[in-house]
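Residue strings, one per chain:
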Amino acid sequence: MTAIPNIDHLSPAAPFWLTLGLVPVIVCGALLGGWWVLLTPLASWGLFSVLDAVIGEDTANADPQTAEAALVWHRAITMLWFPVQAMLLVWLLWYVPAAAHLGGWEKLGAFFGMGVASGTVGITYSHELMHQKNTSERWLADLLLSSVLYSHFRSEHLLVHHRYIGTPRDPVTARYNEGFHRFFARVLWQCAVSSWKAERAMLARKGLPVWNRTNPFWRYAVLQTSWLLLAFALGGWIGLGLFAFQAFVAVWQLELVNYVEHYGLTRKYLGEGRYEHVRPHHSWNNTQQASNWLLINLQRHSDHHYKPDRRFPLLQTYGENEAPQLPFGYPVMTMAAMVPPIWRRMMNPRVRAWRKLHYPEIADWGPYKRAETPMPR
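Residues numbered from 1 in each chain as written. Predicted model: local features only at pLDDT ≥ 70, side-chain atom pairs only at ≥ 80, totals over all residues. Heavy atoms only, no water.

Topic: the overall build of the protein chain
Step number 1: Looking only at helices and strands, one finds 14 helices and four strands in the protein chain.
Step number 2: Taken against the 2.2 N^0.38 rule, which gives 21 Å for 377 residues, the C-alpha radius of gyration of the protein chain at 21 Å falls within 12% of a compact globule.
Step number 3: With respect to the three principal axes, the spread of C-alpha positions in the protein chain is 65 × 55 × 45 Å.
Step number 4: Here the protein chain holds 377 residues, and 57% of them are scored as buried.
Step number 5: The contacts of the protein chain with a sequence gap of at least 6 include a subset with a gap of at least 24, amounting to 73%.
Step number 6: For the protein chain, the exposed surface amounts to about 16300 Å²; the carbon and sulfur share of it is 64%.
Step number 7: Of the side chains in the protein chain, 33 bear a positive and 25 a negative charge, and the two mean positions are spaced by 8 Å. (Helix = DSSP H or I, 4+ residues; strand = E, 2+ residues; numbered from the N terminus. Rg over C-alpha atoms; globule rule 2.2 N^0.38 Å. Buried < 20%, exposed > 50% of the residue type's maximum accessible area, 1.4 Å probe, protein only. Contact = heavy atoms within 4.5 Å. Areas by Shrake-Rupley, 256 points an atom, 1.4 Å probe, with all protein chains shown as cover. Lys, Arg positive; Asp, Glu negative; His and termini not counted. Charge placed at Lys NZ, Arg CZ, Asp CG, Glu CD.)

Let's talk about the environment of Tyr164
Step number 1: Secondary-structure assignment places Tyr164 in helix 7 (residues 153-164).
Step number 2: Taking the C-alpha atoms as reference points, Tyr164 and Val278, separated by 114 residues in sequence, lie 9.0 Å from one another.

As for the packing of helix 4 (residues 72-95) against helix 6 (residues 135-146)
Any two packed helices are characterised by the angle at which their axes cross and by the distance between the axes.
Step number 1: Between helix 4 and helix 6, the least distance of the axes is 10 Å, while the angle of their chain directions is 40°. Comparing their axes, helix 6 and helix 4 come out oblique. For helix 4 against helix 6, the interelement crossing comes out left-handed. Here helix 4 contributes Arg75, Met79, Trp81, Phe82 and Gln85 to the contact with helix 6, which in turn contributes Ser136, Glu137, Leu140, Leu143 and Leu144.
Step number 2: A breakdown of the residues in the contact of helix 4 with helix 6 according to their chemical character gives six nonpolar, two polar and two charged. (Axes fitted to C-alpha atoms, helices over the stretch in contact; angles between N-to-C directions. Parallel < 35°, antiparallel > 145°, perpendicular 65-115°, else oblique. Left-handed = near helix turned anticlockwise from the far one by under 90°. Nonpolar A, V, L, I, M, F, W, Y, C, P; charged D, E, K, R; others polar.)

Considering the packing of aromatic side chains
Step number 1: By the definition in use, this model includes 28 aromatic pairs.
Step number 2: Considering the side-chain rings of Phe180 and Tyr259, the 5.7 Å spacing of their centres and the 80° angle between planes classify their relative orientation as edge-to-face. Here Phe180 is found in helix 8 (residues 180-205), whereas its partner Tyr259 is found in helix 9 (residues 216-262), with 79 residues between them in sequence. Each member of the pair Phe180 and Tyr259 is classed as buried.
Step number 3: With a centroid separation of 5.4 Å and 85° between ring planes, the pair formed by Tyr263 and Trp343 is classed as edge-to-face. With a gap of 80 residues between them, Tyr263 in the loop between helix 9 and strand 3 (269-271) and Trp343 in helix 13 (residues 340-358) connect regions that are remote in the sequence.
Step number 4: Given a relative accessible area of 0%, Tyr263 falls into the buried group.
Step number 5: Each member of the aromatic cluster is reached from another via a ring pair, and the members are Tyr176, Phe180, Phe183, Phe184, Phe248, Tyr259, Tyr263 and Trp343. (Phe/Tyr/Trp six-rings, centres within 6.5 Å; stacked < 30°, edge-to-face > 60°.)

A look at the nonpolar core
Step number 1: One finds Leu92, Val96, Tyr259, Val260, Tyr263, Trp343 and Met347 to be the most contacted residues of the largest nonpolar core, which totals 86 residues.
Step number 2: Per element, the largest residue contribution to this core is 15 residues, and it comes from helix 9.
Step number 3: Sequence-distant contacts of Val96, that is, excluding residues within four places in its chain, are made with Ala30, Leu102, Lys107, Ala110, Phe111 and Leu242. (Core = buried A, V, L, I, M, F, W, Y, C linked by side-chain atoms within 4.5 Å.)

Some words on the environment of Gln289
Step number 1: As for its position among the elements, Gln289 is in helix 10 (residues 289-294).
Step number 2: Judged by its relative accessible area of 21%, Gln289 is partly exposed.
Step number 3: Setting aside its immediate chain neighbours within four residues, Gln289 contacts Asp52, Ile55, Gly56, Glu57 and Asp58.

A closer look at helix 3 (residues 39-55)
Step number 1: Of all the bends in helix 3, the greatest measures close to 30° and is centred on Leu47.
Step number 2: The set of residues buried in helix 3 consists of Thr40, Pro41, Ala43, Ser44, Trp45, Phe48, Ser49 and Asp52.
Step number 3: Those residues of helix 3 that are buried lie in contact with helix 2 (22-32), helix 5 (104-130), helix 9, helix 10 and helix 12 (330-337).
Step number 4: In the segment just after helix 3, Gly56 is the residue with positive phi, at about 85°. (Bend = angle between axes of the 7 residues up to and from the residue.)

Some words on the packing of helix 7 against helix 8
Step number 1: Axis separation between helix 7 and helix 8 bottoms out at 9 Å; the angle between their running directions is 90°. Regarding the angle of helix 7 to helix 8, the classification is roughly perpendicular. Across from Ser155, Glu156, Leu159, Val160 and Arg163 in helix 7, the residues of helix 8 making contact are Cys191, Ser194, Ser195, Ala198, Glu199, Met202 and Arg205.
Step number 2: Along the lines of polarity and charge, the residues of the contact of helix 7 with helix 8 split into five nonpolar, three polar and four charged.

A few points about the side chain of Glu255
Step number 1: Following the sequence through the fold, Glu255 ends up in helix 9.
Step number 2: Arg186 provides the closest opposite charge to the buried, salt-bridge-free Glu255, at an N-O distance of 8.7 Å.
Step number 3: Residue contacts for Glu255: discarding those within four places in its chain leaves Tyr150, Val172, Phe180, Phe183, Phe184 and Val187. (Salt bridge = Lys/Arg side-chain N within 4 Å of Asp/Glu carboxyl O.)

Details of the pattern of salt bridges
Step number 1: In this structure the tally under the stated criterion is 11 salt bridges.
Step number 2: Of the charged contacts, one joins Arg370 and Glu372 as a salt bridge, the two residues approaching to 2.9 Å between their closest N and O atoms.
Step number 3: Look at Arg370 and you get partly exposed, because its relative accessible area is 47%.
Step number 4: Through salt bridges with shared partners, a single network forms among Glu68, Arg75, Glu137 and Arg311.

Purely geometric stuff here, so don't read any function into it on its own.
Next up, the structure:
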């Protein structure tokens, strides 16, 4: 892998700021109506899929010891996005429900586009922010997640997913042969339950009851309720319904990505409730440059799970023998996941090859495929 010599100025960060281009696209769709409302998914999923094919891969790695002060422009876009997204969402809630030139499907289309932005960008940025140690960034993560009614994702992701990835206790490790639609229905309730149990257990270890004010679910409830009241105040029942619709679209995208990131990959059971440590080969990796601009290097997911506190510009990529590689970037892979036969034809041979490479000693994969190995301690 080649190294990136210097990232302490604007130009290396500039491609990650391209996401701001979605704002005028969404506004134009709402103002013009008609087929213009479909421009947002085309400008995100479609455009960046084409750019991936044209630009290709980026296998360069930044120095992981780069100082925080050198990442100011990379950090700035993640911290700026919440006020941008909030203002855009408020304007849509005020404008679209009363827009006489927009029919019902056009209003849904406008908020589908908003959901694309709040899912593809907003939740991805909240994921980056929630992993940081300072309070302001974590608050921004909570604010972004509240705008899509999925605040518990922070608790589930930090306390469950990262700890139990590749084991039966992690709801979002997609099982081998599990289609996305079945996966989606399962994780919607399992993640909510597991996040609540994780926070309850953490409070219990401190000798505190579940209703203690430090339980983040109080914050989640206040923030999400505030958004629901604001949506109703701005757009009435139509506004409330459209707000909920964009939240669903955003969550659907998040779980599509979760499905892709760990499909079929499991950690080896060592006995007595113990599993091997998380390594880069427990997540699917991808180095397509353009979609990594859109998703702030989320596709370098192998390194993210190996070093969860590493900021996105410093995430490393790995060769095929160190981490399994997706054949395409997330935009293409998530579209393939919506059609299970295509997905299985594309990914099941790769999972089987991964097993042979990393675990030739395991003869019976049945318990791993069905998530029937013992629960981790």
